[in-house]
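This is what each chain is made of:
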Amino acid sequence: PIVAMSQSIGSGKKLQEQYPGPGFPCTRCIEGESTFETEEGGKWRSIMSTAAKPLNAEDIMQHEIVTADVDETASKLSSRMSLNDIHHIPILDDGFLLGVVSTADIEMVTRCSKLVPNLAKLVRASDIMSTPPVTAKEDASVEEIINLMIENNVRSIVIARSEEELLGIVTHTDIMRLCADLLQD
């Protein structure tokens, strides 16, 4: 499993138990937590261990989620995406999740606008959204999220408790950031 590691020791009780690490011993630093560190050149850094708590959707999702109404125009969606620097917007109808619009959907409308003037002001979210939306619960593992993306050929997963209770979104960018972070450690 993909695991999370603490970047600092904290103020917990330090233990002296030694655990084998990848080529060197590591010390469990805080009782009751899966925090492992090793000393390299006088600096402490985190290392990965399968003993740590596996990451789940809640750990990596974007908690502040931008949504749009099913009747919002492609032009407004494009502006909202640019303003918020996002690439996926969950689409709601009376508070219920119906689909997701991506920048790829907006780009398709933009290309077609060269043939049909003002098309972006005529096309609604309901016309271009991907349905049904691919969702997962907040406790879904990162592996489950990745598999959902691959199986459904999507670049975002809406994290929800129900069709009415959206908690966040995990995008392919969040997965890439996680991979980069893990490779740095």
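Residues numbered from 1 in each chain as written. Predicted model: local features only at pLDDT ≥ 70, side-chain atom pairs only at ≥ 80, totals over all residues. Heavy atoms only, no water.

**Observations concerning the overall build of the chain**
The number of helices and strands found in the chain is 7 helices and 10 strands. Burial statistics for the chain: of 185 residues in total, 38% are counted as buried. In the chain, the proportion of contacts linking residues at least 24 apart, taken out of those at least 6 apart, comes to 50%. Carbon and sulfur atoms provide 51% of the accessible area of the chain, an area that totals close to 10900 Å². (Helix = DSSP H or I, 4+ residues; strand = E, 2+ residues; numbered from the N terminus. Buried < 20%, exposed > 50% of the residue type's maximum accessible area, 1.4 Å probe, protein only. Contact = heavy atoms within 4.5 Å. Areas by Shrake-Rupley, 256 points an atom, 1.4 Å probe, with all protein chains shown as cover.)

**A closer look at the confidence of the model for the chain**
In this model, the chain carries a mean pLDDT of 79, and residues with pLDDT of at least 70 account for 71%. Confidence over residues 1-51 falls short of pLDDT 50; this stretch has 100 contacts with residues more than four positions distant or in other chains. (pLDDT = per-residue confidence, 0-100.)

**A short note on the sheet that holds strand β5 (residues 68-69)**
Across the sheet, 3 strands lie side by side as β5-β6-β7; this open sheet has mixed pairing. Both outer strands of the open sheet, β5 and β7 (96-102), are each paired with one neighbouring strand and no more. With 6 bridges joining them, strand β6 (residues 88-93) and β7 adopt antiparallel strand pairing. The partner of I89 across the bridge, within β7, is V101. (Pairing = 2+ DSSP bridges.)

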